[in-house]
Amino acid sequence: MKEQKPKKRQQKNPTHNEEKPSVQSFQTEKPTKYFPQEEIGKPQQTSRDNTRVSVRGTKAKSCAGRSKSLEQFAEETVKTQPEIPKDKTKASPKTKTAKPHSGKAKLLEQMVEELKITEAETIIEAKICAGTMKSPEEIRKKQQKSFESITKACEPQLQGGTDSILYTTLDKLRIRRNERSDASKVINDIIKSIVEHLKKNTVSFQEVQEPLRTGSYYENLKISSPDEFDVMLPMPVARVDIQPFRDDGAFYSVALKRSKSPLSKFKDEAGILSASKMLKEFREEVTKCVKPFKEWVLTRKKKGCPAVTLTTEVNSVTISLDVVLCIVVQSSWPPFTKDGLRIEGWLGTKVRQKYKYLPYYLVPKYEGRGTMECDGVLAKDIWRVSFSHVEKDILKNHGSEKTCCEEGGVRCCRKDCLKLLKHLLSLLKERESFDKFCSYHAKTTLLHACCSRTKDTDWHTSNLGHCFQIFLKEFEGYLQKGVLHNFFIPTQNLLSGISDESCKSLAQCIRNERYNGFPIFK
DNA sequence: CCAGGCTAAACAAG
DNA sequence: CTTGTTTAGCCTGG
């Protein structure tokens, strides 16, 4: 009933972050290069509809206008964007079912075979097949058949077999609107109260900035239920001296160059800002603030963890809110980020540059025992970098073409792949103790994957089954090697704190699922 | 600071 | 499947 019908867009914006991982330091090995290259590389290129979309080097992509100076980037890119031919949605009435034609379909089938052959020797395969030699095949065929009869798909193998279970699963993971609505009200209220309290009733934290809503809920990647929320509360600091703590480039000590910041009281004699002292007082303030809200419960402090976790119940479901203290650093990113964020081929150099101009964040997170000392600084007073704001923006503006996933653009399955992996991971964690693995590992894998298959058509939604297979293979590859580089800080190996056995075991489980049509989803 | 506009995603209906 | 509506989140402009 309104006349609110937009038209085009050009503004996209970035912001904020998230937090998560936890890992140990230590060097890695060599740049990880994975098999996907050969397998995926070619078929994709031959894919027909690419010619259309990738017409030119129109990789400008959107560009989220961020702070003022960034808007310019946005406009610029918009201008340089040649205005792509229009998209298919119109052209082919039967859209997806008819999509994968000749060449592509064949290649895909080949690939499937390849997958099977090249890895068929592995133990699991043998094990699994021992009792059910043909069952996977049979199931696939059966499903394929029914699928064909219904849609008369041109590309049976992958589409028919695994896709239906994947779509069904995605459907189950969808968050209900009512649940979301109820939970978000409750969450927003408490966040508001906390921020107000910090501003009005505290000295140390009165300069707190707008909360950064980060993490999967705010990235539209939350699955199953809106029961986990992450918010970072940024404290500005005037001028700081950041020094690496240990050698992986993810942890730093922060020295306040004398100033009359409200945070000065957390300095030691050397001017080092003590993460532990600051977090302690922050926690106390949050505790004070939520006291009157009887329905909220504060969970116990976890060692090394930057979050103050609050829980409550909404419709008899427990939901939690992680409130994370952080400091905003305006200066340029640490040198360790130099070789990270290699998104040039995917999102473009301008976008990369734009991100690099943003501030970065530090959260009071450490690993191991807090009493460990390095250059006179205790581990518990160490900060870890966070680029959650960039992660969030990338996930939102994840297409090579600016119209990816927008109306009139190509619909991609990047996020769907990530949701499915997260789900798979959590199911496997229920079954076995894979405690050390977290969704940040999945997210990082997706970011890397997007950098090696950069075109939106590489992730076309009609290719979900295939994309997910490759995506999982990559993840398995990282696990096998025990090396997964932090997307922003390549020197940090996100798997360094996890045993080889554990990694390999998880890889096996995933492979097992992949080969068998994801029985765990059923 | 707020109101209003916009988007993505859920959802409803045909 | 397509189309239209609703909503939380986020942005902008006044």
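Just above sits the structure.
Residues numbered from 1 in each chain as written. Chains lettered and ligands numbered in written order. Predicted model: local features only at pLDDT ≥ 70, side-chain atom pairs only at ≥ 80, totals over all residues. Heavy atoms only, no water.

(A) Representation of the side chain of Thr202 within the structure. With respect to the helices, strands and loops of the structure, Thr202 is situated in the loop between helix 10 (177-201) and strand 1 (212-214). In terms of polar contacts, Thr202 uses its side chain to reach the backbone amide nitrogen of Phe205, at 3.2 Å. Within the local environment of Thr202, its side chain forms a polar contact with the backbone nitrogen of Gln206, the two atoms lying 3.5 Å apart. The contacts of Thr202, once residues within four sequence positions are left out, are His197 and Glu285. (Helix = DSSP H or I, 4+ residues; strand = E, 2+ residues; numbered from the N terminus. Polar contact = N/O pair within 3.5 Å; in protein donor to acceptor, adjacent residues only side chain to side chain. Contact = heavy atoms within 4.5 Å.)

(B) Region of interest: the environment of Tyr357. Looking at the element boundaries, Tyr357 is found in helix 13 (residues 349-357). The exposure class assigned to Tyr357 is exposed, which follows from its relative accessible area of 52%. (Buried < 20%, exposed > 50% of the residue type's maximum accessible area, 1.4 Å probe, protein only.)

(C) Quick look at the packing of helix 15 (residues 414-431) against helix 18 (residues 500-515). The geometry of helix 15 relative to helix 18 is characterised by a closest axis approach of 11 Å and an angle of 120 degrees between their N-to-C directions. In the crossing of helix 15 with helix 18, the sense of the turn from one axis to the other is right-handed. Contacts between helix 15 and helix 18 involve Leu424, Leu425, Leu428 and Arg431 from the former and Leu506, Cys509, Ile510 and Glu513 from the latter. Taken together, the residues that form the contact of helix 15 with helix 18 break down as six nonpolar, no polar and two charged. (Axes fitted to C-alpha atoms, helices over the stretch in contact; angles between N-to-C directions. Left-handed = near helix turned anticlockwise from the far one by under 90°. Nonpolar A, V, L, I, M, F, W, Y, C, P; charged D, E, K, R; others polar.)

(D) Inspection of the pairing of strand 2 (residues 228-236) at higher detail. For strand 2, a buried count of seven out of nine residues is recorded, marking the element as mostly surrounded by other parts of the structure. Bridging between strand 2 and strand 7 (residues 317-329) involves nine bridges; their strand directions are parallel. What sits directly across from Val231, in strand 7, is Val323. (Pairing = 2+ DSSP bridges.)

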